[in-house]
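Reading the structure
Now for the letters of each chain:
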Amino acid sequence: MKDERIDFSALDPAQDQIRWARIANALVNQAIAERNRSAVVGEQLLHWGRAVLLVAAGLCIVAWSARLFPGSQPPPTLTQEMQPALRLSSWAANNQMPEPADLFGTLRGY
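Worth saying up front: this structure is predicted, and the values here are computed from it rather than measured.

1. Concerning the overall build of the protein
Regarding its fold elements, the protein presents four helices and zero strands. Along the chain direction, N to C, the helices and strands of the protein fall in the order α-α-α-α. By the burial criterion, 4% of the 110 residues in the protein qualify as buried. Here the protein displays about 10,400 Å² of accessible surface, and carbon together with sulfur accounts for 64% of that area.

2. Here we look at the side chain of Thr 106
Within the secondary structure, Thr 106 sits in helix H4 (residues 100-108). Here the side chain of Thr 106 touches Asp 102 through a polar contact of 2.8 Å, landing on its backbone oxygen. Excluding residues that lie within four positions of it along the chain, Thr 106 makes contacts with Pro 84, Arg 87, Leu 88 and Trp 91.

3. Looking at a nonpolar patch on the surface
Together, Ile 6, Phe 8 and Leu 11 make up a nonpolar patch on the protein surface, roughly 390 Å² of accessible area in all. Relative to the helices and strands, Ile 6 resides in the segment before helix H1 (17-38). Judged by its relative accessible area of 64%, Ile 6 falls in the exposed class.

4. Some points on helix H2 (residues 41-68)
With 28 residues, H2 should reach 40 Å at 1.5 Å per residue; the first-to-last C-alpha distance of 41 Å fits that figure. Counted residue by residue, H2 has zero buried out of 28 residues, so it is predominantly exposed.

5. With respect to unusual backbone geometry
For Asn 95, which is not glycine, the phi dihedral falls at a positive 55°. Note on placement: Asn 95 falls in the loop between helix H3 (78-93) and H4. Owing to a relative accessible area of 72%, Asn 95 belongs among the exposed residues under this scheme.

6. Focus on the confidence of the model for the protein
Per-residue confidence for the protein averages 80 on the pLDDT scale, and 84% of its residues sit at or above 70. Within the protein, the element-level pLDDT minimum falls on H3, averaging 74, and the maximum on H1, averaging 88.

What counts as what
- Residues numbered from 1 in each chain as written.
- Predicted model: local features only at pLDDT ≥ 70, side-chain atom pairs only at ≥ 80, totals over all residues.
- Heavy atoms only, no water.
- Helix = DSSP H or I, 4+ residues; strand = E, 2+ residues; numbered from the N terminus.
- Buried < 20%, exposed > 50% of the residue type's maximum accessible area, 1.4 Å probe, protein only.
- Areas by Shrake-Rupley, 256 points an atom, 1.4 Å probe, with all protein chains shown as cover.
- Polar contact = N/O pair within 3.5 Å; in protein donor to acceptor, adjacent residues only side chain to side chain.
- Contact = heavy atoms within 4.5 Å.
- Patch = residues over 30% accessible without salt bridge, like charges linked within 9 Å, V, L, I, M, F, W, Y side chains within 5 Å.
- Salt bridge = Lys/Arg side-chain N within 4 Å of Asp/Glu carboxyl O.
- Expected span 1.5 Å × (residues − 1).
- pLDDT = per-residue confidence, 0-100.

Next comes the structure, spelled out in structure tokens:
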């Protein structure tokens, strides 16, 4: 084993001052250009908007596909669907005038 020191001076980028200054200036200019490019509000909103639309579309697909599976929701009964119609026809057949609150509740499905 030799205890010689290894000369790493050839790897020192600061030895060539002009090249080193060019590299540093190019890096600074690139950083400034990147910061100016990312500081545009419209582009940021466009990127965020795309992400939000993708998430919303994914949620819609999940919600839509959940309805395709049988047993995900109980089938509506005939009496629930026909109840407002039966009530209105009963009023009409018996020549009754319903209260406004009853009529509104029937038409709204309450």
